[in-house]
Amino acid sequence: MKVLAIGATGFIGQNVLPLLIDRGHEVAVLHRGETVQSPPEDVREIRGNRDRLTDCRAELERFAPDVILDLILYTEQQTQQIVDIFRGTGGRVVAVSSGDVYRNYDGFRGKATAPPDPVPLLENAPLRETRYPYRGHEMNFGYAQDYEKILVEQLLLGEPALPATVLRLPAVYGPGDRQHRLRPYLQRMTDRQAQILLEEGQASWRWTRGFVENVAAAVALAVMDPRGVGHVYNVGDEPTFTEREWVERIARVAGWGGDVVAVPRSELPDDLRQPVDWRFHLWTDTAALRFDLEYVSPVPLDEALRRTVEWERSGLGE
Ligand SMILES: NC(=O)c1ccc[n+]([C@@H]2O[C@H](COP(=O)([O-])OP(=O)(O)OC[C@H]3O[C@@H](n4cnc5c(N)ncnc54)[C@H](OP(=O)(O)O)[C@@H]3O)[C@@H](O)[C@H]2O)c1
């Protein structure tokens, strides 16, 4: 099978490519070439900007992919370009979306438009009633202004001449994670603090996470298995822990023997208070992917944490 992998030179894509190559697929990666990593030798490289896909349209059409894997589909405009180029070509799309499409995400960020939705969130749980969640935010993300995965999903899934699968990713962690999702807790463990304080609501809050290699395995599976066409799947490791359990799991792997203590917000130091509403869980149900495509996470939790802790510690100077 020929796979065009857009933006597969980054954190997640680097872990997807070997899975496709090992299964004998012919892979071309489209990227700008601004990252340090070039694609592996056995991958064809198409240099281009995904915001001006028409510039490399001829090369894309020559490659004639059976599957277009888009890891960096952020805006409606980008999606329209994909549709315009690949509609009716016989190719299908696998698009990476996010759990931030759910209405609970707005509630979590203190912008509730409804009471908390029951969790775990199935794929048909209510979506945000607002749009452009990062517009106006100061962040190091070039697409913050127009980012909206809800519009990406709707446009793709509404185009009958371009079959598509949508994967809603959880919080992804692992070696190479630029967001350093483990670091805040790990730093306190490395500093040998006796206690890690959590706000009471935070201690029982649940957020679905995914180790990067497990997420990559789900992405590769959706690329290789056409049974996912027309479906939206939540992706994530099972189980989804409470925040207290999550910290305790990290502690076990990191060899930290302190206590995780839940306290009322009023007793939390200012620097640990977060401007969020912990009643809104970001816990997604990942059973459909496991059932429909027989997805199994390849890396167990303790091993995933061990590799991530090791990687983080190399950056923490230990
Ligand atoms: N990390 C998480 O926790 C999380 C959670 C939910 C969803 N997601 C989703 O996961 C995806 C991000 O994956 P990732 O972390 O692997 O991305 P990443 O590390 O940012 O990598 C993206 C790659 O795409 C290339 N690229 C960026 N802009 C480009 C452009 N305009 N044209 C062509 N290539 C471009 C870059 O390579 P060059 O610089 O060489 O072009 C880069 O290596 C997003 O769709 C995000 O919404 C992530």
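Structural notes, computed from the coordinates. (Residues numbered from 1 in each chain as written. Predicted model: local features only at pLDDT ≥ 70, side-chain atom pairs only at ≥ 80, totals over all residues. Heavy atoms only, no water.)

All right, on to the side chain of Arg 209 then. As for its position among the elements, Arg 209 is in strand E9 (residues 209–211). Other than its neighbours up to four places away in sequence, Arg 209 contacts Pro 170, Ala 171, Tyr 173, Gly 236, Asp 237, Glu 243 and Trp 246. (Helix = DSSP H or I, 4+ residues; strand = E, 2+ residues; numbered from the N terminus. Contact = heavy atoms within 4.5 Å.)

For the rest of this paragraph, the subject is helix H6 (residues 183–190). The α-helix winds at 3.6 residues per turn, so residues separated by three or four positions along the chain end up facing the same way. Of all the residues in H6, the buried ones are Tyr 185, Leu 186, Arg 188, Met 189 and Thr 190. Note on H6: the residue one or two positions beyond its end, Arg 192, has a positive phi of about 60°. (Buried < 20%, exposed > 50% of the residue type's maximum accessible area, 1.4 Å probe, protein only.)

In the vicinity of the ligand lie 30 residues, with Ile 12, His 31, Arg 32, Leu 71 and Arg 181 positioned nearest. The separation between a nitrogen atom of the ligand and a polar side-chain atom of Asn 49 is 2.9 Å. Here the ligand has 910 Å² of accessible area as a free molecule, and 90% of this is covered by the chains. Breaking the shell around the ligand down by element, the ones donating at least two residues are strand E5 (92–98) and strand E7 (171–173). Across the shell around the ligand, the residue classes tally to 11 nonpolar, 12 polar and seven charged. (Near = heavy atom within 4 Å. Polar contact = N/O pair within 3.5 Å; in protein donor to acceptor, adjacent residues only side chain to side chain. Areas by Shrake-Rupley, 256 points an atom, 1.4 Å probe, with all protein chains shown as cover. Nonpolar A, V, L, I, M, F, W, Y, C, P; charged D, E, K, R; others polar.)

This part is about the side chain of Asp 100. Structurally, Asp 100 is set in the loop between E5 and helix H4 (103–108). On the basis of relative accessible area, Asp 100 is assigned to the buried category, the value being 3%. For Asp 100, the residues in contact, after removing those within four places along its chain, are Tyr 105, Arg 128, Tyr 134, Tyr 147 and Lys 149.

Here we come to the packing of aromatic side chains. Taken as a whole, this structure holds 13 aromatic pairs when the rule is applied. Geometrically, the ring pair formed by Tyr 74 and Phe 141 is edge-to-face, given 5.0 Å between the ring centres and 85° between the ring planes. Taken as a pair, Tyr 74 in the loop between strand E4 (67–70) and helix H3 (76–86) and Phe 141 in the loop between H4 and helix H5 (149–157) lie far apart in primary sequence, 67 residues in all. These aromatic residues form a ring-pair network of at least three members: Tyr 74, Tyr 105, Tyr 134, Phe 141, Tyr 143 and Tyr 147. Cation over ring: Lys 2 sits above Phe 63, and NZ or CZ is 5.5 Å from the ring centre. (Phe/Tyr/Trp six-rings, centres within 6.5 Å; stacked < 30°, edge-to-face > 60°. Lys NZ or Arg CZ within 6 Å of the ring centre and 35° of its normal.)

Right, let's talk about the sheet that holds strand E1 (residues 2–6) for a bit. Sheet architecture is open: seven strands sit in the order E3-E2-E1-E4-E5-E6-E10, paired in parallel fashion. The open sheet is flanked by strand E3 (44–47) and strand E10 (232–234), the only strands paired with a single partner. Within the sheet, the average angular offset between the axes of one strand and its neighbour, ignoring direction, is 20°. Contacts from H5 reach E5, strand E6 (164–169) and E10, with the element oriented near 160° to E5. Seen against the sheet, helix H8 (residues 212–224) touches E1, E4, E5 and E6 and runs at an angle of roughly 155° to E5. (Pairing = 2+ DSSP bridges. Axes fitted to C-alpha atoms, helices over the stretch in contact; angles between N-to-C directions.)

Right, let's talk about H3 for a bit. Buried within H3 we find Gln 78, Thr 79, Gln 81, Ile 82, Val 83, Ile 85 and Phe 86. Those residues of H3 that are buried are in contact with E1, helix H2 (57–63), E4, E5 and H5.

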